[in-house]
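Observations on the model geometry
Read off the chains here:
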Amino acid sequence: MSSPRTAAKSDEDDGSGVCRSMFCPKRYPDSVAPEYRWFQTWDTIQQMTKLVNHHFGELAWFAFHGVGDPHASVSRAVLFTLSRQLFGHKVSVLGTTPTAGLWFAAYVKTFRTLGGTLEALATMTEIFAFQINSILLLWAAGMLGAMAEAMNSATRSCILQHFSKEKNNHDVTLKENNQDNAGSTIGVLGGLIVVASINRAGGFNDQTLTGCCIVCFCLCMVHVWTNLASSLVLKIPPGTFFLRHCKTRRYVIVTSGNSLAAAADTLADERVEIFKLPSDQIFGKALMSTNEVWFDQDGQAAADPCAAQLDEDGQSIVLRGEKYQLEACTSLRSSKSASTLFFPPGWPVTMPKGFDAFAAYDLIGGITSTPRKLLHVFIYWKYVAGVGDASKGPAYACLLGLFGTSIGLVSGLISGVPILAENYDHRWLIPSYILTMIAEASNMIAMVFPLKWYLLINALGIPLASLSNIIRKAVYAEVDRRWASHPSVELIHLNLCKRNRATILNLLTSILCVWYSLHLVNSSIHPSLQGIFAVYVMLLLFDFAANFQKSKIASELLQNQNSYDYELTEMDHEPYQPQRRLGEQHGPGLSFSMKKFGMTLFLVMGEAAVYAGLVTTLSGNTNQLEPCTERCLQFKLISDQSSIPGTGMFPFPVRNGLDHQQLKDTCQDFGGLNCELLTASCSASVCEERRVRRMVEDRLSGSKSKTSFVVSIGVYSVLNLMHDVGLQARCLGPNDAVMLQILATLCLAVMAASALMWASGAMELFFSPVPVDSCGCYFRMADVPSIVALVLPLNLVIRLQGNVKQAMYAAIIESSCLRTVVFALPYHFIRNSKIHSEESLSQGSLLGVEGLGRGTGSSEPMPRLFDRFTRRESVKHWAQWLPFLAVGIVILPLLLSSSFIIYRVVDLVLSWLEASLSKFVTIDRSCGTIALFGVYSMILMQTLLVGYFLSGLHTLYFVLSMQLGKWPADPQLLARLPEAKPELRWALRLARRATTR
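Residues numbered from 1 in each chain as written. Predicted model: local features only at pLDDT ≥ 70, side-chain atom pairs only at ≥ 80, totals over all residues. Heavy atoms only, no water.

In the annotation of an unreviewed UniProt entry, the protein chain is listed under the name Protein root UVB sensitive/RUS domain-containing protein and assigned to Durusdinium trenchii. Recorded under Subcellular location (unreviewed entry), the UniProt text for the protein chain is reproduced unchanged: "Membrane". Its UniProt record, at the heading Sequence similarities (unreviewed entry), says of the protein chain: "Belongs to the RUS1 family." (UniProt positions renumbered as here; feature names shortened; annotations may be inferred.)

1. Concerning the overall build of the protein chain
Each helix and strand counted, the protein chain has 31 helices and 15 strands in total. Residues counted as buried form 52% of the 997 residues belonging to the protein chain. Sequence separation of at least 24 residues holds for 78% of the intrachain contacts in the protein chain that already meet a minimum separation of 6. Carbon and sulfur atoms form 62% of the exposed surface of the protein chain, whose accessible area is close to 44100 Å². (Helix = DSSP H or I, 4+ residues; strand = E, 2+ residues; numbered from the N terminus. Buried < 20%, exposed > 50% of the residue type's maximum accessible area, 1.4 Å probe, protein only. Contact = heavy atoms within 4.5 Å. Areas by Shrake-Rupley, 256 points an atom, 1.4 Å probe, with all protein chains shown as cover.)

2. Some details on the packing of helix H3 (residues 36–64) against helix H6 (residues 108–132)
Put simply, H3 and H6 touch, their axes get as near as 8 Å, and they point 20° apart. Judged by the inter-axis angle, H3 sits roughly parallel to H6. At the point where H3 passes H6, the crossing takes the left-handed sense. Contact with H3, carried on its side by Phe39, Asp43, Gln46, Lys50, Asn53, Gly57, Ala60, Trp61, Ala63 and Phe64, involves Arg112, Glu119, Thr123, Glu126, Ile127, Ala129 and Phe130 of H6 and no other residues of that element. Considered class by class, the residues forming the contact of H3 with H6 number eight nonpolar, four polar and five charged. (Axes fitted to C-alpha atoms, helices over the stretch in contact; angles between N-to-C directions. Parallel < 35°, antiparallel > 145°, perpendicular 65-115°, else oblique. Left-handed = near helix turned anticlockwise from the far one by under 90°. Nonpolar A, V, L, I, M, F, W, Y, C, P; charged D, E, K, R; others polar.)

3. Some remarks on the sheet that holds strand S11 (residues 625–627)
Taken together, the three strands give an open sheet; going across it, the order is S11-S15-S14, and neighbouring strands pair in antiparallel fashion. Each edge of the open sheet carries a strand with a single partner, namely S11 and strand S14 (766–770). With strand direction ignored, the average angle separating the axes of adjacent strands in the sheet is 35°. (Pairing = 2+ DSSP bridges.)

4. Details of H6
For H6, spanning 25 residues, the distance from its first C-alpha to its last is 36 Å, which sits close to the expected 36 Å at 1.5 Å a residue. Count one or two residues on from H6 and you reach Asn133, which has phi positive near 55°. (Expected span 1.5 Å × (residues − 1).)

5. Focus: the nonpolar core
Membership of the largest hydrophobic core comes to 165 residues, with the highest contact counts inside it found for Leu375, Trp381, Tyr778 and Leu796. Apart from residues no more than four positions distant in its own chain, Leu375 is found in contact with Met444, Ile532, Val535, Tyr536, Leu539, Leu932 and Tyr936. Phe39, Met151, Ile236 and Leu491 belong to the second largest nonpolar core, which has 48 residues in total. (Core = buried A, V, L, I, M, F, W, Y, C linked by side-chain atoms within 4.5 Å.)

6. Observations concerning the pairing of strand S9 (residues 316–319)
Residues Ser316 and Val318 point to one face of S9 and Ile317 and Leu319 to the other, with burial holding for every one of them. In this structure, strand S8 (residues 309–310) lies alongside S9, joined through two bridges in antiparallel fashion. When the sheet's bridge partners are listed, Leu310 is paired in S9 with Ile317. Between the antiparallel neighbours S8 and S9 lie five residues, among them Gly314 with a positive phi of about 75°. In this sheet, strand S10 (residues 322–328) lies alongside S9 in antiparallel orientation, the contact comprising four bridges.

7. Points about the packing of aromatic side chains
Counted according to the given criterion, the structure contains 29 aromatic pairs. Aromatic side chains Trp881 and Phe884 sit 5.2 Å apart centroid to centroid with 50° between the ring planes, which places their arrangement in the tilted category. Taken together, the positions of Trp881 and Phe884, both in helix H26 (residues 872–917) and three residues apart, correspond to about one turn of that helix. On the accessibility criterion, Trp881 (41% relative accessible area) is partly exposed. By relative accessible area, Phe884 is classed as partly exposed at 38%. By the ring-pair criterion, three or more aromatic residues cluster together here, those being Tyr28, Tyr36, Phe39 and Phe163. Looking at Arg699, its charged tip hangs above the ring of Phe766, at a distance of 4.3 Å from the centre. (Phe/Tyr/Trp six-rings, centres within 6.5 Å; stacked < 30°, edge-to-face > 60°. Lys NZ or Arg CZ within 6 Å of the ring centre and 35° of its normal.)

8. Points about the packing of helix H10 (residues 355–366) against helix H17 (residues 529–559)
Where H10 meets H17, the closest approach of the two axes is 8 Å, and the angle between their N-to-C directions is 160°. Comparing the axis directions of H10 and H17 gives the class roughly antiparallel. Judged by the twist between their axes, the crossing of H10 over H17 is left-handed. Two secondary-structure elements touch here, H10 through Ala357, Phe358, Tyr361, Asp362, Ile364 and Gly365 and H17 through Phe542, Asp543, Ala546, Gln549, Lys550, Ile553 and Ala554. Of the residues contributing to the contact of H10 with H17, the split by class is eight nonpolar, two polar and three charged.

9. Comments concerning the confidence of the model for the protein chain
Summing up the model confidence of the protein chain, the mean pLDDT is 81 and the portion of residues at 70 or higher is 85%. Element-level mean pLDDT values for the protein chain span from 43 in helix H1 (residues 4–14) up to 93 in helix H14 (residues 429–446). Segment residues 563–588 is flagged for pLDDT under 50; beyond a separation of four residues in sequence, or across chains, it makes 49 contacts in the model. (pLDDT = per-residue confidence, 0-100.)

10. Topic: the side chain of Asn500
Mapping Asn500 onto the fold places it in helix H16 (residues 491–522). Separated by 2.4 Å, the side chains of Asn500 and Thr96 make a polar contact. A polar atom in the side chain of Asn500 sits 2.8 Å from the backbone oxygen of Leu341. The residues touching Asn500, leaving out its near neighbours within four places in the chain, are Val93, Thr96, Leu341 and Phe342. (Polar contact = N/O pair within 3.5 Å; in protein donor to acceptor, adjacent residues only side chain to side chain.)

11. Things to note about the state of the cysteines
For the structure on display, the rule yields four disulfides. Across the disulfide, Cys667 is cross-linked to Cys675 (sulfur-sulfur distance 2.1 Å). One quick way to see it: the torsion about the S-S bond of Cys667 and Cys675 is about -65°, and its sign makes the bridge left-handed. For the pair Cys667 and Cys675, a shared accessibility class is recorded, and that class is buried. With its sulfur 2.1 Å from that of its partner, Cys687 forms a disulfide with Cys777. (Disulfide = S-S within 2.5 Å.)

Set out below in structure tokens:
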């Protein structure tokens, strides 16, 4: 802590000049680490050379993608861009594993230097890729750049935590951003001069390539050297370490009296303790073992953290007047401090309230990044950079990029002025996302306008993006500090886990986008601008909705001024009374009622008859079909026994009256497969005849999806019948009943998956051969039957989520519910059950151990039934994984069928809009636009399915985990869960005692 005089002097210096307040944190130098000044000096020079080098590398990047080449393809440029990103981000996962995180935190200086070197190497590799025209080198450059970004981001988190001595992450981040913008502005001015001279000299040729190589090599050397210099001045201690006495060279252990002693000769001694220096609990750093025990300056265990006597070099500590060396440790023996691939150490106990929802919304918003980038780069390469346009060139495209960068840097500096920046708090989060959405939309629109308008619109939109970016950087720096407030969680854990979650979840998104880019390469038909902008706006709104929820959670976190209390408090230790063993339990006699059995059978069979009858009727009735007199969409991913071949997942137009060559040419233009196998279509008049309709190939009646649906609904009905009859006859134990409910839910998941595949087949075209005319007729399902067929899987998926939730509830309370009967309960009767009262915490009322309406004074014993086939623990295990099993069963059929279903939905909607609004606006129904909607639906529908299933079930998963003893019944977690599920308070109260059964 600084003295009052020092603090007063710092405050006085803060107001002495604009430059100091602009580029130095408040109360500098006391508020940051001693080496902050020299580190930031070298780092600013590095940022300047890095940005200039990046734009020089862009010259080769643009030339490789065909900017200025009249024979280049826009689709090919898009494919190269996305494939480079795909390989880069997936390889970077190797650098974000928990083991890699331990190495990064232990050797910050080494890996920061290595990250800067890889950045420079990636830039040179890009230039060589153009020189020898190698796509492999281009991919290698992307991998090197992504790995460097992962290293730099991780080590930067450690450095930020090290510099923020007064928990001033917000201020340090703002001032660092100002420093980088100032240095980069100087570099961009130099880059503008060089690139402008290249453009005036005639563009990018072999001579300018050689000059760029020389300049880039020199800048790379400066970049590596300044990066090394900034790393060498750091005095940051390792993330985890052993303590070794500097004189005796012995390692420190924790004695039986909870004190530290240098008693171990080698690291092989299992008693050697691993330590860390958390810095969020106090001003400064406190010594703590990885088992979460604090130690004071005398080496004694302490109840609260106290400042450690760390040497100026950051590599040694003083205890009891003796110096101990910090020897980096890259492996942990304690599970408490072990991080997972996707969540910080000790999750969910170590994370404040709201982290799970925040991470989920972050993923939902981030999953749209690659689809948006695909649309953005398609427009950029075609209309701005000039791929395939001989009137433009790499230098021209690079100048436009430098123009946008310079505006962003200048506006970023203005946005970082202290008089503005000091007001950036959580209240600005939602406006910042609105500004970002406006900036992205305006940039997308500007790219299709002439050059003057493009520059003008970007000159107005880029400052909005810079302002919103600075606001989020500053606010989320403080948000991350709050998330990392537990001593076991560091900023590097949050950084790596966030990257891993986004990378793994976006894997499918990236693959689908690359697949669609490959389709654009093979097809001569591209989506229209109208379709691209419509999809882009939808993605922006989707992203904004997720960010809006994130902002609300972040605001609640920052408004809560109370520090999160992690001290474990003792719960009541009332002895838990276990249930009697099976041999000691005596259930009541059977209570079979033929009337109840008949009613249950009627309800179960009625439900099965409705679903099976609906599918059977739509499958075999040719009257539900209509001939393709006008345009129909042909798509088919998997070949079957029908005469229509598998032409691929992307649609192309088909109508009756086209000969074989016309169908083949249309199929090839749209990138279809097996085009030569298409049969010529007969005239429209022939296809209207009744005899032709009767000869339609019936591929739905005997399809595997229909058979699977009928079988699964039969098993589902039998399980429901056994479940309800067994409960009502009192011959089914509670856990046996829950297990039947779980099995029935899995059967419902199979039904939903089968219905999805069946519905996608129903959306495909049907064929009726006409041997006399050597042709055939194409049919599709009419509008109304199509809507019914589309609603069926949607209904089953919605029901499936409700059944999963009900089964998890049943496993928690160890009592199942009737599947065929719904009870209507009076409101005041439920209020009298006192579910919200404190007295019901241990007994339960609405859901609980004594049942609805039974108060604590009731002397009537509850009837006890014993389980014949299952155990309570195994049932809870099945219930815990039920949502993941259900999603796993449904998600692959949804992936395969979603685009086909969306093709028909979009075509129906657009045809209705065209019929209603054709006098006012032009509706684009082109197959290229519909294909774009279909591919993006494959991405969004998977996200919505996972979010819909898991958003409301993670709390139940936590409860089951604690009941099974997988997680400790942590008081803080138990205090948070009832807010989400108040009806389970009694189960949470008993959770800790349940683990001791």
